[in-house]
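What follows is each chain in one-letter form.
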Amino acid sequence: MNLSKLLNKQQQKVVETIDGPILVLAGAGSGKTRSVIFRTAYLINEKKISPQNILVVTFTNKAANELRFRLKTTFKIDTYSLWVGTFHSICARILRFENEATPYNSNFTIYDAVDTKSLLKKVYKKLEIDPKKFPFQRVISIMSNQKNSLILPKDFFLFNEENYFTETVHKIYVEYQKILIENNGMDFDDLLMNTALLLHDNKIIRQKYQQKFRYVMIDEYQDTNYAQFKIVNLIAKNHQNLCVVGDDDQAIYSWRGADIKNILNFEKDYKNVLTVKLEQNYRSPQSILDAANCLIKNNYSRHQKELWSDIKSNEKIELIEYKNERDEADFVIQKIAEFSDNLNDCVILYRTNAQSRVFESAFMRKNIRYQVVGGVNFYQRKEIKDILAYLKVFVNSQDNESLMRIINFPPRGIGKTSLQKITNFAVDNELKLMDAVQSDGILKYIGNRAKKLEEFSKKMAKWQKEADELDIPDFIEKLINELELKDLYYSDDPQDIARIENIEEFMVASQEFCENFQKEVGEKPQLTQYLQSILLQTDLDNYDENEQSAKLMTMHNAKGLEFENVFIVGLEEGLLPHSRSLESERQLEEERRLFYVAITRAKKRVFMSFAQTRRTFADILYNHESCFLKEIDEEFVQRKNVKRDYLPKRKINVDIVLENKKHFRIGQKISHSKFGEGVVLSVDGKGDDAKLTISFSNGVLKKIIGTFVRKL
DNA sequence: TTAAGTATGCTTTTT
DNA sequence: GCATACTTAA
């Protein structure tokens, strides 16, 4: 391995210093990933460390897979016994393996955000708590903070003051946690908390992992929270062979408990730390870094460093002001069309997921391929969650939540009343719900619905058996067919069509997963492993950089990626910085870092833009440009004003609308951006607010508000 | 018990 | 606007 040819001095130091704690402050684009890959390869190939003694924690599963792939192909390393993954997947693996030391068994279910919320709703009902006084989001975030700080329900008041509000939150936390354990389920935060507590409380297990993971590497260390810090610390504090990599200027997850102090205080937490700074950027031209440096130096709490680059460019960053968000979308996409040979060199970055919509419809109108990364998770769609609920029950029969979801889906005559009876029966006989359903006594108890329940119980037993015997994709296909799920959505409604497509896509995805798993691991995956991979998927895991399409994503999801052309949109007060992060200077600094992350993604060009007005679901916002724009020296930015409407055609239409106040009548021909042309069948109300029934030329019948159609 | 109709909340960022 | 959660009638 000739490192001096492939790496710069600092990177070599990172790779070759294998003993003792090392802190790598790696600026954006400074070859951080490269260093981690080479370091792992160096440990194995040069220092003959067995892969099973190495732990590498990455920020996404995709990054983990790439690391494995590179080790295999470039360095001919067998990565089978190497542990690489996100904190969550590593923790899940440990907890499944060490389940006997926990209140869970190895088949525990992982609860996602939607599951968490619906479980919480049940807790509220049981405790008779008003969601208006204790908003779900607020309580979820408090509980999450407790878990990330390793505070169990019983220790709640050691760390929180006692008042009416906290007492209720505590009650919720106690009950929520109790039900999770009863269901043999963990939410995302439990995975971290339970691992940290297990390693902390159980000396034998702790020593086992200390001895196993003799070399530990953590990427994106600036975004670790206390639980994660603790896990790392418990494993590595004795041997101190710990390499953490990160950039305090790119810390953007404090709202989920990440503590920038973990990286700022690393030199205090460990002894004789070697600190290496990677400041040469290999990604962007100096002109773009100048702008980024201008911005970030306004932050107080940071390690001093200045990113520099050899790459030269005469182009300035372009900043354009638009009249509204639709113009912004049209212009940006127009520009992207100019790069149409290399659509996948272009990315649109925004602050909130909701901003993607206006771009999506613009892409559709222009017929340009695009890919939204993140946003609403595929596996959180209703029709998919229904299937997953079945699978979860087969894996973990204690999962009452999933069972309740499917017991009458698709409708099979086991409604509220019957479910109540089953629940009562289960409680009286101290049975899990599924055991109650399959018990002998239940049928007499249930009365006239006994036949339906018996049918369900028999089917479940049959599927349960098949779930063990069949290959996952075959089983899923069989299940979907026997449940007649697709027939359920058979109609002309575009929504239903989409649901059927999603179900089909789900089947294909399961096929792909199993094939990949087989290739990677050399054996067939178990249903547990399949479910876990779905639930611990990160937004980025589905991102395909080779697909010929423009990419859209949040600035958060863009971390670690790079693109030739970066379009940063919606640079308005209220969006960036976001109106909900103006409470403290600390929050404002994080918003600034987010902008910094966005700018430093670019290899060639940055285009920034904002809109004077922006339509949200409720009303029209009049925004000022982001205060951050003023922090970037004018010499790095070329300002352009394009305030008029982009499409002259639409402008004419707007004028007509103003003239006749958009008065709709029956028979009026209209057009809609998504559904095309159609005829108004009925009108309820006036102008933009009118509720119209429209028959579209493609045969679709829809109810649409006046504002979304245009007269022809 | 269920389908169809009506009301509501939603939007910060994610594992 | 959209999706879900709740209400009502059959």
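Residues numbered from 1 in each chain as written. Chains lettered and ligands numbered in written order. Predicted model: local features only at pLDDT ≥ 70, side-chain atom pairs only at ≥ 80, totals over all residues. Heavy atoms only, no water.

Draft legend 1. Just the overall build of chain A, in detail. Each helix and strand counted, chain A has 29 helices and 23 strands in total. Relative to the globule expectation of 27 Å for 712 residues, the C-alpha radius of gyration of chain A, 28 Å, shows essentially globular dimensions. Among the 712 residues that make up chain A, the fraction classed as buried is 54%. Nonlocal contacts in chain A, meaning residues at least 24 apart in sequence, comprise 73% of its contacts between residues at least 6 apart. (Helix = DSSP H or I, 4+ residues; strand = E, 2+ residues; numbered from the N terminus. Rg over C-alpha atoms; globule rule 2.2 N^0.38 Å. Buried < 20%, exposed > 50% of the residue type's maximum accessible area, 1.4 Å probe, protein only. Contact = heavy atoms within 4.5 Å.)

Draft legend 2. Representation of the packing of aromatic side chains. In this structure the tally under the stated criterion is 27 aromatic pairs. Ring geometry for Y104 and F108: centres 6.4 Å apart, planes at 70°, overall edge-to-face. Residue classification places Y104 among the buried residues on the basis of a relative accessible area of 6%. Between the aromatic rings of Y221 and F266, the centroid separation amounts to 5.7 Å while the plane-to-plane angle is 80°, which identifies the pairing as edge-to-face. Of this pair, Y221 sits in the loop between β6 (215–218) and α12 (226–236) while F266 sits in helix α14 (residues 266–269), placing them 45 residues apart in sequence. Here Y221 matches F266 in class, with each residue buried. Three or more aromatic residues joined by ring pairs make a cluster, and in this case those are Y390, F394, W463 and F475. Cation over ring: K559 sits above F59, and NZ or CZ is 4.3 Å from the ring centre. (Phe/Tyr/Trp six-rings, centres within 6.5 Å; stacked < 30°, edge-to-face > 60°. Lys NZ or Arg CZ within 6 Å of the ring centre and 35° of its normal.)

Draft legend 3. Spotlight on the pairing of strand β1 (residues 22–26). In terms of residue burial, β1 counts as a mostly covered element, since five of its five residues are buried. Summarising the sheet, β1 and strand β8 (residues 274–278) pair through five bridges and their orientation is parallel. Within β8, the residue paired with L23 across the bridge is T275. Direction of pairing for β1 relative to strand β7 (residues 242–246): parallel, over a ladder of four bridges. Residue I22 lies in a different strand from β7, and its bridge partner there is C243. (Pairing = 2+ DSSP bridges.)

Draft legend 4. Representation of the packing of helix α23 (residues 450–469) against helix α24 (residues 472–483). Here α23 crosses α24 at 160°, and the two axes come no closer than 10 Å. Accordingly, the angle class assigned to the pair α23 and α24 is roughly antiparallel. In the crossing of α23 with α24, the sense of the turn from one axis to the other is right-handed. Judged by residue contacts, K462, W463, E466 and A467 of α23 engage F475, K478, L479, E482 and L483 from α24. Its residues placed into classes, the contact of α23 with α24 shows five nonpolar, no polar and four charged. (Axes fitted to C-alpha atoms, helices over the stretch in contact; angles between N-to-C directions. Parallel < 35°, antiparallel > 145°, perpendicular 65-115°, else oblique. Left-handed = near helix turned anticlockwise from the far one by under 90°. Nonpolar A, V, L, I, M, F, W, Y, C, P; charged D, E, K, R; others polar.)

Draft legend 5. Quick look at the nonpolar core. Within the largest apolar cluster, 65 residues are counted, with the highest numbers of intra-cluster contacts made by L120, L191, I218 and L242. Residues within four places of L242 in sequence aside, it is in contact with G20, P21, I22, V216, I218, V232, A236, F266 and Y270. Among the nonpolar cores identified, the runner-up in size contains 51 residues, and I384, I406, F425 and I480 belong to it. (Core = buried A, V, L, I, M, F, W, Y, C linked by side-chain atoms within 4.5 Å.)

Draft legend 6. View of the packing of helix α15 (residues 286–296) against helix α28 (residues 585–599). Their axes nearest at 9 Å, the elements α15 and α28 cross at an angle of 175°. The pairing of α15 with α28 is recorded here as roughly antiparallel in orientation. For the pair α15 and α28, contact is made by I288, A292, L295 and I296 and by R592, R593, F595, Y596 and I599, respectively. When the residues that make up the contact of α15 with α28 are grouped by side-chain class, the tally is seven nonpolar, no polar and two charged.

Draft legend 7. Inspection of empty space enclosed by the protein at higher detail. Considering all chains together, one arrives at four cavities of 30 Å³ or more under this definition. Considering only enclosed or pocket space, the largest cavity measures out at about 70 Å³ in volume. Taken together, R96, N107, F108, T109, I110, K392, V395, N396, T528, L531, Q532 and L535 form the lining of the largest cavity. Elements that contribute at least two residues to the lining of the largest cavity include exactly β4 (109–111), α18 (382–395) and α27 (527–535). Examining the composition of the lining of the largest cavity, we find that four residues originate from one element, α27, more than from any other. Residues belonging to the lining of the largest cavity are distributed by class as follows: five nonpolar, five polar and two charged. L55, V57, F87, I90, I94, F213, I218, I231, V232 and I235 are the residues that line the second largest cavity. Elements represented by at least two residues in the lining of the second largest cavity include exactly β2 (54–57), α5 (87–97) and α12. For the lining of the second largest cavity, the per-class residue count stands at ten nonpolar, no polar and no charged. (1 Å grid on protein atoms, 1.4 Å probe; cavity = no way out; pocket = protein on both sides within 12 Å on 5 of 7 lines; lining within 4 Å. Points joined across faces, edges and corners; volume = space filled by probe spheres on them.)

Draft legend 8. Here's a closer look at the protein's contact with DNA strand B. For DNA strand B, the set of nearby residues contains 26 residues, the closest of which are R351, N353, N408, T417 and R580. Backbone atoms, meaning sugar and phosphate, form 53% of the atoms of DNA strand B found within 4 Å of the protein. At 3.1 Å, a side-chain N or O of W255 approaches a base oxygen of DNA strand B. Contacts to DNA strand B include N408, whose side-chain N or O atom sits 2.7 Å from a phosphate oxygen. Here the element with the most residues in the surface near DNA strand B is helix α20 (residues 416–428); it accounts for three residues. For the surface near DNA strand B, the residue count by class is five nonpolar, 13 polar and eight charged. (Near = heavy atom within 4 Å. Polar contact = N/O pair within 3.5 Å; in protein donor to acceptor, adjacent residues only side chain to side chain.)

Draft legend 9. Region of the structure containing the confidence of the model for chain A. Averaged over every residue, the pLDDT of chain A is 87; the share at 70 or more is 90%. Low confidence marks residues 645–661, where pLDDT is under 50. Its contacts with residues over four positions away, or in another chain, come to 19 contacts. (pLDDT = per-residue confidence, 0-100.)

Draft legend 10. Structural view of the side chain of Q532. Structurally, the position occupied by Q532 is in helix α27. Once you skip the residues sitting within four places of it in the chain, Q532 turns out to touch S89, A92, R93, R96 and I110.

Draft legend 11. Expanded view of α5. Here α5 lies mainly inside the structure; eight of its eleven residues are buried. Along α5, the residues classified as buried are F87, S89, I90, C91, A92, I94, L95 and R96.

Draft legend 12. Summary view of the sheet that holds β1. Here we have six strands laid out as an open sheet, ordered β3-β2-β6-β7-β1-β8, and parallel in their pairing. Here the strands that pair on one side only, and so sit at the sheet edges, are β3 (83–85) and β8. Between one strand axis and the next, the sheet turns through 10° on average, direction left out of account. Pairing of β2 with β6 involves four bridges; the strand directions are parallel. Paired with V56 across the two strands is M217, which belongs to β6. On top of the sheet, helix α2 (residues 9–16) reaches β1 and β8; it is set at about 140° to β8, its chief contact. Against the sheet, α12 engages β2, β6 and β7, with an angle of about 160° to β6.

Draft legend 13. Layout of the environment of Y253. In this structure, Y253 sits in the loop between β7 and α13 (261–264). Residues Y253 and H556, 303 residues apart in the sequence, show an inter-C-alpha distance of 8.5 Å.

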